[in-house]
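Structural description and commentary
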Amino acid sequence: MKLIEGGICAAKGFKANGVHCGIRKNRTKRDLALIYSEKKAAAACVYTTNLVKGAPITVTKNNISDGYASAVICNSGNANTCNYNGIEIAEEMCKLTGEALGIDKKDVVVASTGVIGQLLDITPIKNGMSELCAGLTENGGAYAAEAIMTTDTVMKEVAIEFELSGKVCRMGCIAKGSGMIHPNMATMLVFITTDADISSEMLSKALSEDVKNTFNMTSVDGDTSTNDMVCILANGMAENDKIVAEGEDFNNFMKALNTVTVHMCRMIAGDGEGATKLLECTATGADTLEAAKISAKSVICSSLLKAAMFGADANWGRVLCAIGYSGADVDVNKIDVSFRSAKGTVDVCKSGAGIEFSEEKAKEILLEKEIEILIKLGDGKYSASAWGCDLTYDYVKINGDYRT
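Residues numbered from 1 in each chain as written. Predicted model: local features only at pLDDT ≥ 70, side-chain atom pairs only at ≥ 80, totals over all residues. Heavy atoms only, no water.

With that out of the way, let us pick up the packing of aromatic side chains. Counted according to the given criterion, the structure contains one aromatic pair. Centre to centre, the rings of Phe310 and Tyr393 are 5.3 Å apart; their planes meet at 90 degrees, and the pair counts as edge-to-face. Of this pair, Phe310 sits in helix H8 (residues 303–310) while Tyr393 sits in helix H11 (residues 393–400); the two residues are 83 residues apart in sequence, bridging distant segments of the chain. Residue placement shows Arg30 over the ring face of Tyr143; its charged tip is 3.9 Å from the ring centre. (Phe/Tyr/Trp six-rings, centres within 6.5 Å; stacked < 30°, edge-to-face > 60°. Helix = DSSP H or I, 4+ residues; strand = E, 2+ residues; numbered from the N terminus. Lys NZ or Arg CZ within 6 Å of the ring centre and 35° of its normal.)

This is the structure we're talking about:
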């Protein structure tokens, strides 16, 4: 398994593009993305658990109820959420895409991201569809990745190569996510493509299992979006033996998927709104997987801990505090805490109590861009990781006038 170039178009048979159609006022920003598979693909999605859901989620759920799709259309700048005509607009986006590509409108996944509660005009999307489709190319993944960005400061894409039943397979991904990141299934918008041959049932099983340990373990600000969606398309063009049940090939597919999603979790967390640091918390030695996961995510979600990391303050008490109120079944008198970065490691807590350490060394370690928070909960066999970022002044600045 290795990282390769190509992003969302690395897998055989996939093309993509992104254009500025006019949803955004800033003409330098692309705002409409399209991903297309020349062969109809098995499809699976997971969605936000927020009771307030964007109209595109309702339409996509209906469209892929048969387990298949051929294209993904996504706009940025407007979430198409809480609008009286939201379903109508989302369905029209699918219809326009289907007509332009010569496919059934039911074979289109639709997504939107941006401001909630503002009407989405279909006119710029309709006017931009010809250019969008005409520009579809095997090198268009970066354009699509750019077109789904909102407050993101960096484009997020990755691709890998792996083997299934002796055949070389590829998997690519693009994502957007910077704020409103506190998922209970997925995070913001993530689109994954692969040329591996796998049934829609096993694809859904793989995605549902993976997000529990990846996107569900990622948090920027504690807000779960209305439009969260993770979508994966598998068109089978690698011609491996089709995966229809659990086994070695399914396990290898899961490893490939996890490699891609962990990469994206780190990118999304590191690009949190206003963030200056990526935080990765790993809890080991737990008696149960649930205790490890609850502990790690509680630490990542702590506003006080996030603020301390921004200030490079080795305030380990905030780590214990977060574990203590998390609800995890742990013995707080057995907890060890360390901070680690490219500058080294500093132990700050043993058996639930503070120990002497160099504040100067700790500061040096915590001034790095990537910080690991290492927690040992005891002598159990379970572990889990969670990803987040520091909390800075700029987070408030960004969200203070996001709509206006």
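Listed as buried for helix H9 (residues 317–325) are Val319, Leu320, Ala322 and Ile323. Along the axis of H9, the buried residues cluster in a sector spanning 160 degrees; they form a single face. In H9, those exposed residues whose orientation departs by more than 90 degrees from the buried face are Gly324 and Tyr325. In the core, the buried residues of H9 are packed alongside helix H7 (289–301), H8, strand S11 (336–341), strand S12 (344–350) and strand S14 (370–376). Just past H9, the residue Gly327 takes up positive phi, approximately 90 degrees. (Buried < 20%, exposed > 50% of the residue type's maximum accessible area, 1.4 Å probe, protein only. Arc of directions from axis to C-beta. Contact = heavy atoms within 4.5 Å.)

What follows concerns the pairing of strand S8 (residues 189–194). Summarising burial for S8: six of the six residues are buried, a large majority. In S8, alternate side chains face the same way, and those of Leu189, Phe191 and Thr193 on one face and Val190, Ile192 and Thr194 on the other are all buried. Summarising the sheet, strand S7 (residues 167–176) and S8 pair through six bridges and their orientation is antiparallel. Within S8, the residue paired with Lys176 across the bridge is Leu189. One ladder, built from six bridges, connects S8 with strand S9 (residues 229–234); its direction is parallel. By the bridge assignment for S9, Leu189 is matched with Met229. (Pairing = 2+ DSSP bridges.)

Turning our attention to the packing of H7 against H9. Direction vectors running N to C along H7 and H9 enclose 125 degrees, while the axes themselves pass 8 Å from each other. For the element pair H7 / H9, the angle class is oblique. Crossing of H7 against H9: the hand is right-handed. Contacts between H7 and H9 involve Ser295, Ser298 and Val299 from the former and Val319, Ala322, Ile323 and Tyr325 from the latter. Here the contact of H7 with H9 is composed, by residue class, of five nonpolar, two polar and no charged. (Axes fitted to C-alpha atoms, helices over the stretch in contact; angles between N-to-C directions. Parallel < 35°, antiparallel > 145°, perpendicular 65-115°, else oblique. Left-handed = near helix turned anticlockwise from the far one by under 90°. Nonpolar A, V, L, I, M, F, W, Y, C, P; charged D, E, K, R; others polar.)

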